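Examination of the molecular architecture
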Amino acid sequence: MSATSIVQLLDSAALSWVAELGRNSMSKVVRKSLLPVSIRLQNSQRMSAAHLSRSLPNLEINVASAIRSYFGCLSDEHAISLPRCPLGFSPTESQLTTAIAHVLKADESVDISKRRTQRFLQALLKGACYQDAYASAIEAIDKAVSLNIESEKTVSKGRRIDLLIDWELPGGAGFAVAIEAKFEHKVTSGQLPAYRQEVCNRAKNGHWALILLTVTGESNRRNKDWTALTWRTLLTRWECLLEPDERIQHHFTLLRKLLWDKL
Amino acid sequence: MTQTIAISDTLQFYVASNANANAVDSILSIKEQSSYTSGMTWEEIQSLNDARMAAFKVQVDYWELLHHVWESTWGSVLSELSGKVSEVDMSAYGNDRSLKATWDNGSLTKQFVLRDGALYLRVYTGDDFDLALAFYFEDGEDQNYDLSNSLKLSADWKPDAEDDERVTRGKLLPLKKQIEVDILPLQRLAKEAIEKLLMQAGLGSMVG
């Protein structure tokens, strides 16, 4: 696209002041400084009109759209809509992972437990390199011959896996997912190898996944087989996977709110 | 007679529900670190980028609203004075005028030199996202707030200072469910406050 065409496009996007300045100075430096960061006008780069029009939104309208689109299901039933929970203290990592295990186990119903666990695992493993391998296994949880959900599982030398989920399908295929969940504390390198061994033992046929769940998403260089994920990404996905009736189950909603509050 | 200020679509969205406000606040709390996209798909990152830009726009519009209201209230009154007050050097504000500070504090304050003390004039939004004014005078010699604390102001000002600051009564100008707000009441209150402060300070009536 020629510089003249770009200026014409800017006019039509109601940024005539930018176009006016652009007419007066067509240097690359001036154009770059005038336009939003998302638009990079380089001499060698051809910018499509569609891309430019997307990069020059009417922000007055798109704010609501962008926020709703990211959260996927923003409504009064979304856990984030609740006021900050007035417990008078901030739950610890251990308390929260214990609570997650508790709601996933859902003492009131095996079916509810399986469905909640499916949603949680789908949110956890979306985008992971083994997502496809796990997708059908997670869908099949409702037919699982066994489903174990544990928190603070002691493995060795007093070390404990924060969350451990394993299940076996008819035919003997076994799957295990270990989650090291951190809010304030850093992961120490020595923890993760011990957890890996436990997960291997739990999963038959070697189908296991290791997730490092943190606020900042940092990975652990010495343990690259652990997939890093942020709590924010997990919670955003998890909320969108829930059915409306699941979203408003009080204690379950409260737990998700507590997790949001920790971010 | 009215003096209306438009409430941007972005701010209308923000105040429309707890879900909207908490969602925007959550996006704004994201710290820029190289790893915050860990585990996300490309589509999720693009969606988050758009959401961050949107949340930033809400923050910008909030700053602009407060600044516009300040200029239309306190600023309008001060413009009628002739040299009795002067704003402090910009360096005195530090980072208090930033988007983040204004957002986190929910207020915008300008500081002036008056007589031998400092005059602080503030616009803020209350807990229910209602517009309000506040001010105090800090005496340079005695380091007290007696001058502003002792003023007898009209009923739309709270009768007593709060933490040595005079504030307008709550819910005077709610912004929720509004597309525009008439700030004439705040203009009148600002004028009253400055007039009485100058009289009390022995500087005479300077406002026409």
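Before reading on, note that the structure itself is shown above.
Quick look at the structure, then. (Residues numbered from 1 in each chain as written. Chains lettered and ligands numbered in written order. Predicted model: local features only at pLDDT ≥ 70, side-chain atom pairs only at ≥ 80, totals over all residues. Heavy atoms only, no water.)

Residue and element names in this part refer to chain A. Taking 1.5 Å of rise per residue, 16 residues should cover 22 Å, and helix H7 (residues 110-125) covers 22 Å from first to last C-alpha, within 8% of that figure. For H7, the complete set of buried residues consists of Ser113, Lys114, Arg116, Thr117, Gln118, Arg119, Phe120, Leu121, Ala123, Leu124 and Leu125. In this structure Ser109 caps H7, since a side-chain oxygen of it lies 3.2 Å from the backbone nitrogen of Asp111. Of the residues one or two after H7, Gly127 is the one with positive phi, at around 85°. (Helix = DSSP H or I, 4+ residues; strand = E, 2+ residues; numbered from the N terminus. Expected span 1.5 Å × (residues − 1). Buried < 20%, exposed > 50% of the residue type's maximum accessible area, 1.4 Å probe, protein only. Polar contact = N/O pair within 3.5 Å; in protein donor to acceptor, adjacent residues only side chain to side chain.)

This part is about the packing of aromatic side chains. Taken as a whole and assessed by the stated rule, the structure comprises 19 aromatic pairs over all chains. Residues Tyr70(A) and Phe71(A) carry aromatic rings whose centres are separated by 5.0 Å and whose planes lie at 80° to one another, so their mutual orientation is edge-to-face. Residue classification places Tyr70(A) among the buried residues on the basis of a relative accessible area of 8%. Residues Phe71(A) and Trp260(A) carry aromatic rings whose centres are separated by 5.9 Å and whose planes lie at 45° to one another, so their mutual orientation is tilted. Of the two residues, Phe71(A) sits in helix H5 (residues 59-71) while Trp260(A) sits in helix H12 (residues 250-261), which places them 189 residues apart along the sequence. Of the residues examined, Phe71(A) reaches a relative accessible area of 0% and is grouped as buried. One aromatic cluster is present, formed by Tyr14(B), Tyr62(B), Trp103(B) and Phe129(B) through successive ring pairs. The positively charged end of Arg116(A) is found above the aromatic ring belonging to Phe252(A), 4.6 Å away from the centroid. Directly above the ring of Tyr124(B) sits Arg122(B), whose terminal nitrogen or CZ lies 4.3 Å from the centroid. (Phe/Tyr/Trp six-rings, centres within 6.5 Å; stacked < 30°, edge-to-face > 60°. Lys NZ or Arg CZ within 6 Å of the ring centre and 35° of its normal.)

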